[in-house]
Amino acid sequence: MNLEQVFGYFEYEFMQRALISALVVGLCAPAVGVFLVQKRLALIGDGLGHIALTGVAIGFLTGAAPLWTTLAVTVAASVVMELLRSHSKTSGDVALAMMFYGGIAGGVYLTGIASDKGVANLQQYLFGSLLTAGWSEVWTIVVGGAVVAALMLVLRPWLTAICADEQYARVSGLPVGALNLLLLVTTAVTVSVSMRAVGLLLVSALLVIPVVTVQQFTRSFKATMFAAMGAGLLIAGTGVLASAAKDVPPGSTIVLIGVAVFVATALLAAVVGRLRRTRRGHLPPEGEPLEVELPAKA
Amino acid sequence: MPVLNVHGATVSYGGRAVVRGADLAVAPGEAVALMGANGSGKSTLIKAVAGLVPLAGGTIELFGTPRKRFRDWKRVGYVPQRTGAASGVPSTAAEVVSQGRLAHRLIGLPARRADREAVARSLAEVGLADHAHCSVDTLSGGQQQRVLIARALATDPDLLIMDEPTVGVDAETQAALAEVVAARIDAGCAVLLVTHELGPLTDRLDRAVVLADGRVVHDGAPPRPVGEHADPGHEHVHPHPSPHPLPKLDGAAPRISFGNAGGGTDADTWDGR
């Protein structure tokens, strides 16, 4: 398998569509994911994706376009989750567990009811089908991705503040509730818009993997955000090329490459960290003085 | 007009009143300590002032406006009880401090020159100018605490609220922070400081309010250190045995237990038991 042959695949429109969708999701998902990782909600993309399956099934059942039912259900779920988190003692953890189990069960149950209508199965949405997506789906992803990335870039300082220290953000008078909601709704939109083409597995992985990969080397939030977007783009592009070369599903290839890159950089970071500790950019923390009375020698 | 006026504040957690009818006023430019033992309700009262916990009764006014209608939060600098400045994703000290300028910025607009200057200035004030571009999770605990104080100073507050800012901070840093805060007091900033120990920061206090069991039990002159801590040259550092390992206690002033081996009866310490 030579490179010319691989690039030859991209004369086919379905390959171009696959590449564009993957690149857009690879670029935009980490822009949202960096805030989710900051807020320690790295799994929320997956949670919303499970809820999205219920939305897809509602689409099958009612005959409406699954994209819109999915969007409605995930946005509603993110609103409910934010209300649960802010107005009750339920932790984000418990709310996530409910979403995982309830969402996937609802999806399977409703698809079972709808199965006699002979429509597509859930698997297509779980793992995506980059190669069968039409141009209209690609454009939805491009427009949605551009809106999401623009919002995240413009609101970065405010979203960082609510994700890093919510109490402080409240005391600075920021609209914490509205910003939290915006972040969750943006996540919901990202997941549901890209799910049909790239799959739930891929989009939730691309929310998190590029961020945790690059943050081993970065010092600032800004650098982490931009580097993660770049890493997402690279991982997604490489994944599509590799899957074309090996004739395997692109979604899983991209995720596996992401995981491999993460493991490799984690090992590298451990080595680099050890080297850097001997000559660091600023003085190491000073030892705190011994604030005790040493017993006088008798 | 006081910058902060708390009247009959009651706060309960799950039906249990933690703060019970507390009164507290801070005049412009005044430095007040809120003291008391663990569980006396001092942190809860501060959180109620900052709007982080709801009031069950009483009123809180900030700059003459009831707290619920108060929107001018850029006049308030807040240092939360120590949690560390680090979080899930690396952030530089300058990025954390710039959160203190968000109250001055219109949402969605980039930082202006004044914002960047305020960030640089407050980092320099706490002595971390050289560390502006270091990731906060590589800083020591005391340095992280200084970053959080710089964040509160960056708002250019008229009221600085600090919730135990010096817990776990070494004596040298405490003295440096005391100078920074004293400079702000001289510039006319009011300070409300929650603390349960006397230290360099408490030297500049105008007044102390002492809470016990959610009620105000003392409002007046700040308590003074006794024993060896009253020595002006005392630095609260004991790298070697003190020449006077068991200082005499005079018991006249109200005293806070420093846990030193001098002892004395427990009845005259605020920790109480």
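Residues numbered from 1 in each chain as written. Chains lettered and ligands numbered in written order. Predicted model: local features only at pLDDT ≥ 70, side-chain atom pairs only at ≥ 80, totals over all residues. Heavy atoms only, no water.

1. Observations concerning the pattern of salt bridges
Residues and elements named next belong to chain B.
No. 1: What the rule picks out here adds up to 17 salt bridges over all chains.
No. 2: One salt bridge connects Arg207 with Asp219, and the closest N-O pair in it is separated by 2.6 Å. Here the residue Arg207 occupies a position in strand 9 (residues 207-212), and Asp219 occupies one in strand 10 (residues 215-220), the gap between them amounting to twelve residues.
No. 3: Accessibility expressed as a relative area gives 43% for Asp219, which makes it partly exposed.
No. 4: The network of salt bridges with common partners includes Arg101, Arg112, Asp115, Arg121, Glu125, Asp156 and Arg184. (Salt bridge = Lys/Arg side-chain N within 4 Å of Asp/Glu carboxyl O. Helix = DSSP H or I, 4+ residues; strand = E, 2+ residues; numbered from the N terminus. Buried < 20%, exposed > 50% of the residue type's maximum accessible area, 1.4 Å probe, protein only.)

2. Quick notes on the environment of Val75 of chain A
Residue and element names in this part refer to chain A.
No. 1: Along the chain, Val75 falls in helix 4 (residues 66-87).
No. 2: Looking at Val75, the relative accessible area reads 23%, which means it is partly exposed.
No. 3: A C-alpha to C-alpha distance of 37 Å links Val75 and Glu11, two positions 64 residues apart in sequence.
No. 4: Look past the residues within four positions of Val75 in its chain and what remains in contact with it is Val185, Ala188 and Val189. (Contact = heavy atoms within 4.5 Å.)

3. Overview of the packing of helix 4 (residues 141-154) of chain B against helix 5 (residues 171-186) of chain B
Residues and elements named next belong to chain B.
No. 1: The contact between helix 4 and helix 5 brings their axes to 11 Å, and the two run at 5 degrees. By the angle between their axes, helix 4 is roughly parallel relative to helix 5. For the pair helix 4 and helix 5, the contacting residues are Gly142, Arg146, Ile149 and Leu153 in the first and Thr173, Leu177, Val180 and Arg184 in the second. (Axes fitted to C-alpha atoms, helices over the stretch in contact; angles between N-to-C directions. Parallel < 35°, antiparallel > 145°, perpendicular 65-115°, else oblique.)

4. Some points on empty space enclosed by the protein
Residues and elements named next belong to chain A.
No. 1: Across all of its chains, the model carries six cavities of 30 Å³ or more by this definition.
No. 2: As for the largest cavity, its lining consists of Val24, Val25, Cys28, Ala29, Ile141, Gly144, Gly145, Val148, Val189, Thr190, Val193 and Ser194.
No. 3: Elements represented by at least two residues in the lining of the largest cavity include exactly helix 2 (13-38), helix 7 (135-154) and helix 10 (176-198). (1 Å grid on protein atoms, 1.4 Å probe; cavity = no way out; pocket = protein on both sides within 12 Å on 5 of 7 lines; lining within 4 Å. Points joined across faces, edges and corners; volume = space filled by probe spheres on them.)

5. So, the sheet that holds strand 1 (residues 4-13) of chain B
Residue and element names in this part refer to chain B.
No. 1: Ordered by their spatial adjacency, four strands build an open sheet running 2-1-4-5, and the pairing between neighbours is antiparallel. Strands with a single pairing partner mark the edges of an open sheet, and in this sheet they are strand 2 (16-26) and strand 5 (65-66).
No. 2: With respect to the sheet, helix 1 (residues 42-50) is in contact with strand 1, strand 2 and strand 4 (57-62), its orientation differing from that of strand 1 by roughly 115 degrees. (Pairing = 2+ DSSP bridges.)

6. Notes on the environment of Pro249 of chain A
Residue and element names in this part refer to chain A.
No. 1: Its location among the elements puts Pro249 in the loop between helix 12 (221-246) and helix 13 (250-278).
No. 2: A relative accessible area of 54% places Pro249 in the exposed class.
No. 3: In sequence terms Pro249 and Tyr101 are 148 residues apart; their C-alpha atoms lie 26 Å from each other.

7. Side note on the pairing of strand 8 (residues 190-195) of chain B
All names here are of chain B.
No. 1: The buried fraction of strand 8 amounts to six of the six residues, a majority that puts the element mostly inside the structure.
No. 2: Neither face of strand 8 is exposed, since Ala190, Leu192 and Val194 on one face and Val191, Leu193 and Thr195 on the opposite face are all buried.
No. 3: Across five bridges, strand 3 (residues 31-35) lies against strand 8 in parallel orientation. From the neighbouring strand, Ala31 faces strand 8, where its bridge partner is Val191.
No. 4: Alignment of strand 7 (residues 159-163) against strand 8, held across five bridges, turns out to be parallel. Looking across to strand 8, one finds that Met162 is bridged to Leu193.
No. 5: Read as a crossover between parallel neighbours, the route from strand 7 over helix 5 to strand 8 is right-handed. (Right-handed = clockwise from strand over helix to strand, strands pointing away.)

8. Here we look at the sheet that holds strand 8 of chain B
Residue and element names in this part refer to chain B.
No. 1: Pairing in this open sheet of six strands is mixed, and the strands run 6-7-8-3-9-10 from one edge to the other. Each edge of the open sheet carries a strand with a single partner, namely strand 6 (76-79) and strand 10. Strand-to-strand twist across the sheet, computed as the mean angle between neighbouring axes with direction ignored, equals 15 degrees.
No. 2: In this fold helix 1 packs onto strand 3, strand 6, strand 7, strand 8 and strand 9, with an angle of close to 145 degrees to the strand it touches most, strand 8.

9. Observations regarding the packing of aromatic side chains
No. 1: What the rule picks out here adds up to five aromatic pairs over all chains.
No. 2: For the pair Tyr12 of chain A and Phe14 of chain A, a centre-to-centre distance of 5.7 Å together with 25 degrees between the ring planes defines the contact as stacked.
No. 3: Tyr12 of chain A gets classed as partly exposed once you look at its relative accessible area, which sits at 47%.
No. 4: Between Phe35 of chain A and Phe221 of chain A, the aromatic rings sit 5.5 Å apart at their centres with planes inclined by 40 degrees, giving tilted as the arrangement. You can see Phe35 of chain A sitting in helix 2 and its partner Phe221 of chain A sitting in helix 12, a full 186 residues away along the chain. With respect to burial, Phe35 of chain A and Phe221 of chain A carry one shared label: buried.
No. 5: Linked through ring pairs, Phe63, Phe70 and Trp73 of chain B together constitute an aromatic cluster.
No. 6: Positioned above the aromatic ring of Phe63 of chain B, the side-chain terminus of Arg75 of chain B is 3.9 Å from the ring centre. (Phe/Tyr/Trp six-rings, centres within 6.5 Å; stacked < 30°, edge-to-face > 60°. Lys NZ or Arg CZ within 6 Å of the ring centre and 35° of its normal.)

10. Regarding the side chain of Glu95 of chain B
No. 1: With respect to the element layout, Glu95 of chain B can be found in helix 2 (residues 93-98).
No. 2: Of the side chains bearing the opposite charge, Arg156 of chain A lies closest to the buried Glu95 of chain B, which forms no salt bridge; the N-O distance is 4.4 Å.
No. 3: Here Glu95 of chain B is in contact with Arg156, Ser220, Phe221 and Lys222 of chain A together with Pro90 of chain B, once residues within four sequence places are set aside. (Lys, Arg positive; Asp, Glu negative; His and termini not counted.)

11. Examining helix 2 of chain A
Residues and elements named next belong to chain A.
No. 1: Between its first and last C-alpha, helix 2 extends 38 Å over 26 residues, near the 38 Å set by a 1.5 Å rise per residue.
No. 2: Val32 marks the point of greatest bend in helix 2, at about 30 degrees.
No. 3: Counting buried residues along helix 2, 19 of its 26 residues qualify, which places the element largely inside the surrounding structure.
No. 4: Arg40 sits one or two residues past helix 2 and shows a positive phi near 55 degrees. (Expected span 1.5 Å × (residues − 1). Bend = angle between axes of the 7 residues up to and from the residue.)

12. Here's the deal with the nonpolar core
No. 1: Ranked by internal contacts, the top residues of the largest apolar core, which has 71 residues, are Phe35, Ile44, Met152, Leu159, Leu183 and Met225 of chain A.
No. 2: Looking at which element gives the most residues to this core, the answer is helix 2 of chain A, with 13 residues.
No. 3: The residues contacting Leu183 of chain A, other than those within four sequence positions of it, are Val32, Phe35, Leu36, Lys39, Met152, Leu159 and Cys163 of chain A.
No. 4: With 38 residues, the next largest nonpolar core counts Val126, Ala178, Leu198 and Ala208 of chain B among its residues. (Core = buried A, V, L, I, M, F, W, Y, C linked by side-chain atoms within 4.5 Å.)

13. Focus: the confidence of the model for chain B
No. 1: Scored by pLDDT, chain B comes out at a mean of 79, with 81% of its residues at no less than 70.
No. 2: In the model output, the complex is listed with pTM 0.82 alongside ipTM 0.80. (pLDDT = per-residue confidence, 0-100.)

14. Observations concerning the packing of helix 3 (residues 44-62) of chain A against helix 11 (residues 200-214) of chain A
All names here are of chain A.
No. 1: Here helix 3 crosses helix 11 at 155 degrees, and the two axes come no closer than 8 Å. Comparing the axis directions of helix 3 and helix 11 gives the class roughly antiparallel. Both helix 3 and helix 11 take part in a crossing whose hand is right-handed. Taking contact as the criterion, the partners of Gly45, Asp46, Gly49 and His50 in helix 3 are, on helix 11, Leu200, Ser204 and Leu207.
No. 2: Considered class by class, the residues forming the contact of helix 3 with helix 11 number two nonpolar, four polar and one charged. (Left-handed = near helix turned anticlockwise from the far one by under 90°. Nonpolar A, V, L, I, M, F, W, Y, C, P; charged D, E, K, R; others polar.)

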